[in-house]
Amino acid sequence: MDNGVMDTENTTILRDFNETHSNHEWSPFLCQGPSHLPTFKISLYLNDLRFDGCGCSKKKAKIDAIKNFNLYTLNHDTSSKANDTVESDIQVGKRKCTDDMIENSLSKKLAIEHQVAEHQISAICILHEIFPGQTLIYEHEQSHGILETISVIVSGNKYIGYGKSKKEAKEIACRNALKSLYDMQPIDNKFKNQIEMLRTDYNDAKIIDHFARITDIVYQKLEFDQIKFKEYSVIASIIKMTKDDLNSAEVICLATGTKCLSGNYLSLSGESLHDCHAEILTRRCLLKFFYKELMESVKGLPSIFVPVFIADGKKCKFKLAEDLAFHLYINTAPCGEARVFSFCDTEQQYNRLNRGLLRSKIENGAGTVSVFGREVQTYDGVAQGERLVTMSCSDKLTRWNVLGLQGNLLSNFVEPIYLESISIGSMFNINHMKRTIYGRVENSIVKLPQNYKLQKPQLRGYGILPRRSVTLSPHCVNWIINEGIEIIKGSMGRTVENKLSRVCKTSLAKEYIKLCSATNNLSTLIDNETNIFYDSLKNKNKNYVAAKNELLSTFKSLKLGTWVHKPEELKSFKLNVGNAINKIDIIT
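Residues numbered from 1 in each chain as written. Predicted model: local features only at pLDDT ≥ 70, side-chain atom pairs only at ≥ 80, totals over all residues. Heavy atoms only, no water.

Draft legend 1. View of the overall build of the protein chain. Looking only at helices and strands, the protein chain has 19 helices and 25 strands in total. Each of the 588 residues in the protein chain was classed as buried or not, and the buried ones make up 50%. Restricting the contact set of the protein chain to residue pairs at least 6 apart, pairs at least 24 apart contribute 63%. For the protein chain, the accessible area works out to roughly 28600 Å², and carbon and sulfur atoms hold 49% of it. (Helix = DSSP H or I, 4+ residues; strand = E, 2+ residues; numbered from the N terminus. Buried < 20%, exposed > 50% of the residue type's maximum accessible area, 1.4 Å probe, protein only. Contact = heavy atoms within 4.5 Å. Areas by Shrake-Rupley, 256 points an atom, 1.4 Å probe, with all protein chains shown as cover.)

Draft legend 2. Representation of the nonpolar core within the structure. Core analysis: the biggest nonpolar cluster contains 116 residues, and Phe211, Leu286, Phe290 and Ile422 have the highest contact counts within it. Ranked by residues supplied to this core, first place goes to helix 10 (residues 278–298) with 10 residues. Not counting residues up to four positions away in its chain, the partners in contact with Phe290 are Ile304, Phe305, Phe326, Gln406, Leu410 and Ile417. If you look at the next biggest cluster of nonpolar residues, it comprises 16 residues, including Val154, Tyr159, Cys174 and Ala177. (Core = buried A, V, L, I, M, F, W, Y, C linked by side-chain atoms within 4.5 Å.)

Draft legend 3. Inspection of the sheet that holds strand 17 (residues 389–391) at higher detail. Overall, antiparallel pairing links the three strands, which are arranged 16-15-17 in an open sheet. Because the sheet does not close on itself, it has two edges, and the strands there are strand 16 (368–370) and strand 17. With strand direction ignored, the average angle separating the axes of adjacent strands in the sheet is 45°. Taken together, the three bridges between strand 15 (residues 359–362) and strand 16 define a ladder with antiparallel strand orientation. Across the sheet, residue Lys361 finds its bridge partner in strand 16, namely Thr368. (Pairing = 2+ DSSP bridges. Axes fitted to C-alpha atoms, helices over the stretch in contact; angles between N-to-C directions.)

Draft legend 4. Quick look at the packing of aromatic side chains. Within this structure, the stated rule accounts for 15 aromatic pairs. Their ring planes at 45° and their centres at 6.4 Å tell us that Phe289 and Phe290 sit as a pair that is tilted. Classification of Phe290 as buried rests on a relative accessible area of 1%. Following the ring pairs from residue to residue traces out a cluster consisting of Phe17, Trp26, Phe51, Phe69 and Tyr72. The positively charged end of Arg399 is found above the aromatic ring belonging to Trp563, 5.2 Å away from the centroid. (Phe/Tyr/Trp six-rings, centres within 6.5 Å; stacked < 30°, edge-to-face > 60°. Lys NZ or Arg CZ within 6 Å of the ring centre and 35° of its normal.)

Draft legend 5. Quick peek at the packing of helix 10 against helix 16 (residues 505–518). At a minimum axis separation of 10 Å, helix 10 and helix 16 run at an interaxial angle of 15°. What the angle tells us is that helix 10 and helix 16 run roughly parallel. The chirality of how helix 10 crosses helix 16 is left-handed. Within the contact between the two elements, helix 10 uses Arg284, Leu287, Lys288, Tyr291, Leu294, Met295 and Val298 and helix 16 uses Lys505, Leu508, Glu511, Tyr512, Lys514, Leu515 and Ala518. Of the residues contributing to the contact of helix 10 with helix 16, the split by class is nine nonpolar, no polar and five charged. (Parallel < 35°, antiparallel > 145°, perpendicular 65-115°, else oblique. Left-handed = near helix turned anticlockwise from the far one by under 90°. Nonpolar A, V, L, I, M, F, W, Y, C, P; charged D, E, K, R; others polar.)

Draft legend 6. Just the sheet that holds strand 6 (residues 148–154), in detail. If you walk across this open sheet you meet the three strands as 5-6-7, and the pairing is antiparallel. What marks the edges here is a single partner per strand, and that holds for strand 5 (137–140) and strand 7 (157–163). Going from strand to strand, the sheet's axes swing by 25° on average, the running direction of each strand aside. Judged from the four bridges that link them, strand 5 and strand 6 form a sheet pairing that is antiparallel. Across the sheet, the residue bridging to Ile137 is Ile153, located in strand 6.

Draft legend 7. A look at helix 10. Look at helix 10: 31 Å from first C-alpha to last across 21 residues, which is about the 30 Å you get at 1.5 Å a residue. The buried count for helix 10 comes to 17 of 21 residues, which makes it a mostly enclosed element. Looking one or two residues past helix 10, Gly300 carries a phi angle of roughly 80°, positive in sign. (Expected span 1.5 Å × (residues − 1).)

Draft legend 8. Highlighting the pattern of salt bridges. Within this structure, the stated rule accounts for 15 salt bridges. Note that Lys288 and Glu483 form a salt bridge whose closest N and O atoms lie 3.3 Å from each other. Within this pair, whereas Lys288 is found in helix 10, its partner Glu483 is found in the loop between strand 20 (475–480) and strand 21 (484–489), the two being separated by 195 residues in sequence. Overlapping salt bridges, with partners in common, bring together Glu139, Glu141 and Lys158 in one network. (Salt bridge = Lys/Arg side-chain N within 4 Å of Asp/Glu carboxyl O.)

Shown next, in the form of structure tokens:
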């Protein structure tokens with residue numbers, strides 16, 4: 001039914017009820033849920049009976065209660081209605097006792113309800129009332145993602161809001177303006193309580209909005225040959241920040257994408273990207289950034305890393321500069337465990353048996369499925385048509401929070417680097433995120449090698465349910481600071497020009513060997529061999545391998561599933577290190 005028709009019908013129901021039942025009474029409204037997506041509850045008292053209603057607005061809650069009343073009257077004949085009205089003294093006493101208990105419970109919440117009622121005044125109206133002589137400028141910002149973006153300019157400052165509709169985005173933009181203005185100038189006492197309520201989550205909201213804004217600013221400045229490359233539904237970025245200084249936040253890399261490699265394009269030479277989901281691509285871009293920064297440190301240039309010399313004075317390792325931290329921003333919850341339960345959930349469902357299971361992405365499809373029954377995949381099986389299995393982003397995030405962002409090879413040069421925080425722009429559920437990121441293994445993973453730990457990053461986000469995106473772009477964009485953009489064809493795992501990506505296994509292996517050469521660690525790490533297999537190179541870091549095995553065995557012991565690895569053949573390619581480090585060839 002059309003929304004306009006439904007609104008008209010609901011208005012008629014409410015008007016007719018008010019005209020025919022003048023002796024009814026309403027309880028105060030109760031408001032539950034987040035401020036941007038509230039649920040209202042109310043009780044209708046009529047003929048000594050109570051009918052409850054709920055809805056996403058006060059009007060819809062009343063309509064729901066009236067419909068419950070109408071349903072009741074339809075199911076009772078005239079005599080039963082009379083009996084319900086003319087009850088025995090005992091029945092009346094019981095009902096009054098129950099009503100008294102309800103009213104006592106409600107009266108305890110009167111102050112809160114009063115604030116809630118105030119809170120429901122539109123932030124747009126408040127902003128216009130606070131600035132009666134000022135023309136507030138609203139703009140529909142360009143948004144290629146899954147949320148609408150609206151900005152409002154107040155006193156020369158722009159405030160941005162995100163929502164599943166333009167109306168919601170406009171309201172949130174005004175709320176953000178009010179939160180910020182609260183610190184800058186006196187606010188009329190009439191609205192003080194409401195704005196203070198809006199500010200209860202202000203610190204987290206301010207950080208999320210700032211990360212989203214600086215990510216969008218970088219993205220909008222990128223130059224694309226074709227507009228179709230710019231469209232996206234998921235975007236992720238990694239932000240470098242001096243601890244506790246939001247003004248120092250800087251986007252280091254970002255990526256868009258929702259695609260995985262098609263089995264038809266598997267490469268035995270490490271030349272194809274297997275996973276082009278935004279958050280996974282972003283982390284691979286961070287690895288490229290780390291290599292560049294390490295080389296800068298080797299040359300004695302300014303870098304995020306500082307050298308640390310081992311006792312023998314020959315081997316050189318590095319550590320992250322003091323007070324630096326990395327933060328992950330994603331405009332929606334990562335696929336898998338963090339997202340699959342977040343559409344419509346209740347407190348009573350948190351202990352369901354299928355919570356916490358490892359999940360995998362589906363080749364040429366959307367969403368994730370449990371890994372049970374898909375524990376092993378082979379190259380010839382994929383070649384004959386079996387779907388390529390790729391672990392979900394949620395599970396990979398869990399892995400990063402144990403093994404670090406730097407990965408296996410770079411662990412030879414730096415200690416594990418962990419995320420300081422994860423910010424989610426939509427579909428955020430704190431219980432699901434905690435379970436995903438660390439909760440499902442925190443009481444079981446105990447035998448980690450030195451320097452490894454289970455990181456518990458700060459989690460923050462918005463629970464907005466975004467507009468459903470029915471078309472997902474086949475292209476994935478990645479950007480690294482001072483290195484420009486690269487556009488990937490997600491199903492191929494290569495650039496749109498059919499070239500190797502700068503963040504595929506082969507490309508990053510070259511960066512690693514260059515770093516080994518620059519630090520005189522090459523002979524030690526590859527045992528004086530001219531050629532070495534890629535998987536052999538990765539197996540040399542015993543601590544990293546031990547930490548990985550501990551995590552994967554923990555998943556298995558908790559009956560959460562077996563981590564599904566790519567076919568072994570994909571890791572067994574040779575790297576020719578030779579003497580000409582800058583002319584490395586890949587031999588299949």
